[in-house]
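Observations on the model geometry
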Amino acid sequence: MGLDMYAYRVGKEHVVNDFEFNSDQDGANDIAYWRKFNALHGWMERLYRERGGPKESFNCAPLRLHLEDLDQLQRDIGENKLEPTEGFFFGDDSYSQDVWEDYNKDRDLKFIKDAREYLKDGYRILYSSWW
């Protein structure tokens with residue numbers, strides 16, 4: 001058991017708003033997966049709250065990512081602004097661990113690059129997690 005995190009690409013017809021998409025999830029394709037990367041999850045939860053996300057718990061709560069979100073995430077990664085986030089199932093995978101730093105940054109920057117390409121192709125990008 002633990003924090004599992006996903007990014008999906010979906011057709012625009014499946015997106016209701018920044019916090020909802022069609023429950024059948026037809027056309028949803030995973031484009032990234034993270035396991036217990038609590039710093040990234042905390043960044044996403046802050047974005048969810050800033051946008052007025054409706055659920056009290058950020059568990060299984062989708063969040064649509066816009067181009068400007070990806071731009072900010074890239075800046076924050078480059079400036080080492082992703083901070084560890086505590087949670088019972090969240091683990092300790094973060095940029096603060098030297099052994100993981102290059103792997104995580106490379107993986108996250110690849111996600112951002114891929115997500116930008118999918119946005120150009122007309123898809124929408126969603127983040128969700130489950131613990």
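All values reported here derive from a predicted model rather than from experimental measurement.

1. Focus on the packing of helix α1 (residues 38-50) against helix α2 (residues 67-78)
- At a closest axis distance of 12 Å, the pairing of α1 and α2 adopts a crossing angle of 140°. As the angle between them shows, α1 and α2 are arranged oblique. The crossing of α1 and α2 is right-handed. Within the contact between the two elements, α1 uses Leu40, Trp43, Met44 and Leu47 and α2 uses Asp69, Gln72, Leu73 and Asp76.
- Residues that form the contact of α1 with α2 fall into these classes: five nonpolar, one polar and two charged.

2. Remarks on the confidence of the model for the protein chain
- Per-residue pLDDT for the protein chain has a mean of 85; in total, 81% of the residues score no lower than 70.
- The least confident element of the protein chain is helix α3 (residues 98-120), whose mean pLDDT is 84; the most confident is strand β5 (residues 63-65), at 98.

3. Some words on the packing of aromatic side chains
- Going through the model one piece at a time under the given rule, you end up with eight aromatic pairs.
- Their ring planes at 50° and their centres at 5.2 Å tell us that Tyr6 and Tyr33 sit as a pair that is tilted. Placement of the pair is Tyr6 in strand β1 (residues 4-11) and Tyr33 in strand β4 (residues 29-35), with a sequence separation of 27 residues.
- A residue is classified by how much of its surface remains accessible, and Tyr6, at 23% relative accessible area, is partly exposed.

Definitions and cut-offs
- Residues numbered from 1 in each chain as written.
- Predicted model: local features only at pLDDT ≥ 70, side-chain atom pairs only at ≥ 80, totals over all residues.
- Heavy atoms only, no water.
- Axes fitted to C-alpha atoms, helices over the stretch in contact; angles between N-to-C directions.
- Helix = DSSP H or I, 4+ residues; strand = E, 2+ residues; numbered from the N terminus.
- Parallel < 35°, antiparallel > 145°, perpendicular 65-115°, else oblique.
- Left-handed = near helix turned anticlockwise from the far one by under 90°.
- Contact = heavy atoms within 4.5 Å.
- Nonpolar A, V, L, I, M, F, W, Y, C, P; charged D, E, K, R; others polar.
- pLDDT = per-residue confidence, 0-100.
- Phe/Tyr/Trp six-rings, centres within 6.5 Å; stacked < 30°, edge-to-face > 60°.
- Buried < 20%, exposed > 50% of the residue type's maximum accessible area, 1.4 Å probe, protein only.

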